[in-house]
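Residue-level structure breakdown
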Amino acid sequence: MNFTSFLRGTAAAVLMAGAAQAEDITLTMSHYLPPVLGLHVDFLEPFARQIEEATDGKVKVEIQTAGSALGTITKQWDQVSDGIADISFGLHGIPRGRFACTQVIELPFLTDNVEEANEVLWSLYPDYLAAEHADVKVLALMAHDPGVLATTGGQRVEMPGDLAGLRIRVPSPYVAAMLKDLGAIPVGMPPGQVYENMQTGALDGVVLPWAGLKEFRITEVTTNAIEIGAYTTPFYFIMNQNKFDSLPAEVQDAIESISGDALVAQFPDWWTAWGAAGPAQIIDAGGEVISPDADLRQMWIDATAGTVRKLESNLAAECGNGAELIEKARALSAN
């Protein structure tokens, strides 16, 4: 090979390497949900495609959902922090015990609606929750719409005392503590098993947001629901920090442009849309949906005040700046 041929070959190799570097960026996103649910269809899938569009196709995003090798609910955080996945969506509460401070948003009756829940959670993040998320790049934090108490078999719940002796599936230790103090029997169970257990009478009811009641078809076996709005649950949407730092500046900018404030602002409307048909499904089947007025809601708040004090005391002990965090959360929610 003469020198001219060598130079041409070297130049071609450099160009090919540069093209590969510019075009062959593949990011892996993982989550624990079936791909038919609203969280995937309206949020996670479009987010992936927006990255691809914003980078003119230079970046490809592959999504691993429930049932895949990366779809286990308990592993979403570790997969990203360990670099197994690049981006992940998961629940702060699974597994329990990792996010002592972030669970402040789960305090019963802290927030009134989905807009407030997301605003409070995201506002707390920079000064109070960032340390718990220091191992990753946080793209957004999310909270779902207020919880609904749905019962079956003619078990009508309106007042706090109506819960006595009822077996209720609970989503978190905070809700379990609240219901136990009201005389109910908390039951831990994956939401996918609730329909069958309510249908057979093994469960009297469940606490879930409207989206969960609808997506898991629990509205079909519900005879009474009360929108007590007692709780919300925090979720994380994160990225491996080293992976983000390794990306070209224009790709980083593309991801930043659709994350953070811009993304969090969309969560309330999505949750509202995902659960919108839930009440009608119950009513159309002959059931009842109770929307408490201010007096009835206050009755529930008063009945659970002792539980909340205990939970706040525990949180203050578990979280380094827990007392200040609770005070700030209360100020933001104005409740």
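Description of the structure in this document.

What counts as what
Residues numbered from 1 in each chain as written. Predicted model: local features only at pLDDT ≥ 70, side-chain atom pairs only at ≥ 80, totals over all residues. Heavy atoms only, no water. Axes fitted to C-alpha atoms, helices over the stretch in contact; angles between N-to-C directions. Helix = DSSP H or I, 4+ residues; strand = E, 2+ residues; numbered from the N terminus. Parallel < 35°, antiparallel > 145°, perpendicular 65-115°, else oblique. Contact = heavy atoms within 4.5 Å. Polar contact = N/O pair within 3.5 Å; in protein donor to acceptor, adjacent residues only side chain to side chain. Left-handed = near helix turned anticlockwise from the far one by under 90°. Nonpolar A, V, L, I, M, F, W, Y, C, P; charged D, E, K, R; others polar. Buried < 20%, exposed > 50% of the residue type's maximum accessible area, 1.4 Å probe, protein only. Phe/Tyr/Trp six-rings, centres within 6.5 Å; stacked < 30°, edge-to-face > 60°. Lys NZ or Arg CZ within 6 Å of the ring centre and 35° of its normal.

**Side note on the packing of helix α14 (residues 305-318) against helix α15 (residues 322-333)**
Where α14 meets α15, the axes come as close as 7 Å, and the angle between the chain directions of the two elements is 130 degrees. The orientation of α14 with respect to α15, classified from their angle, is oblique. For the pair α14 and α15, contact is made by Val308, Glu312, Leu315 and Ala316 and by Gly322, Ala323, Leu325, Ile326 and Arg330, respectively.

**Quick look at the side chain of asparagine 118**
Within the secondary structure layout, asparagine 118 lies in helix α4 (residues 114-129). A distance of 3.0 Å separates a polar side-chain atom of asparagine 118 from the backbone oxygen of valine 114. Discounting residues that sit within four places of it in the chain, asparagine 118 has contacts with Leu141, Met142, Ala143, Val264, Phe267 and Pro268.

**Looking at the packing of α4 against helix α11 (residues 267-275)**
Where α4 contacts α11, the axes come no closer than 9 Å and their chain directions differ by 145 degrees. Remark: the crossing between α4 and α11 carries right-handed chirality. Here Val114, Glu115 and Asn118 of α4 come into contact with α11, specifically with Phe267, Pro268, Trp271 and Thr272. For the contact of α4 with α11, the per-class residue count stands at four nonpolar, two polar and one charged.

**Focus: the environment of alanine 254**
Positionally, alanine 254 belongs in helix α9 (residues 249-257). The class of alanine 254 is buried, set by a relative accessible area of 5%.

**As for the packing of aromatic side chains**
Counted according to the given criterion, the structure contains 15 aromatic pairs. Where phenylalanine 43 meets phenylalanine 267, the ring centres are 5.4 Å apart and the plane angle is 65 degrees; that geometry is what we call edge-to-face. Placement of phenylalanine 43 in helix α2 (residues 38-54) and of phenylalanine 267 in helix α11 is noted, with a sequence separation of 224 residues between them. Relative to phenylalanine 235, the ring of phenylalanine 89 lies with its centre 5.4 Å away and its plane at 10 degrees, an arrangement referred to as stacked. Taken together, the residues span a long stretch of sequence, with phenylalanine 89 in strand β3 (residues 87-91) and phenylalanine 235 in strand β10 (residues 234-239) at a distance of 146 residues. Here the two residues phenylalanine 89 and phenylalanine 235 agree in accessibility, since each one is buried. Aromatic ring contacts, followed pair by pair, group Tyr32, Phe43, Phe47, Phe89, Phe235, Phe237, Phe267, Trp270, Trp271 and Trp274 into a single cluster. For lysine 137, the ring lying beneath its charged end belongs to phenylalanine 244, and the centroid distance is 4.4 Å.

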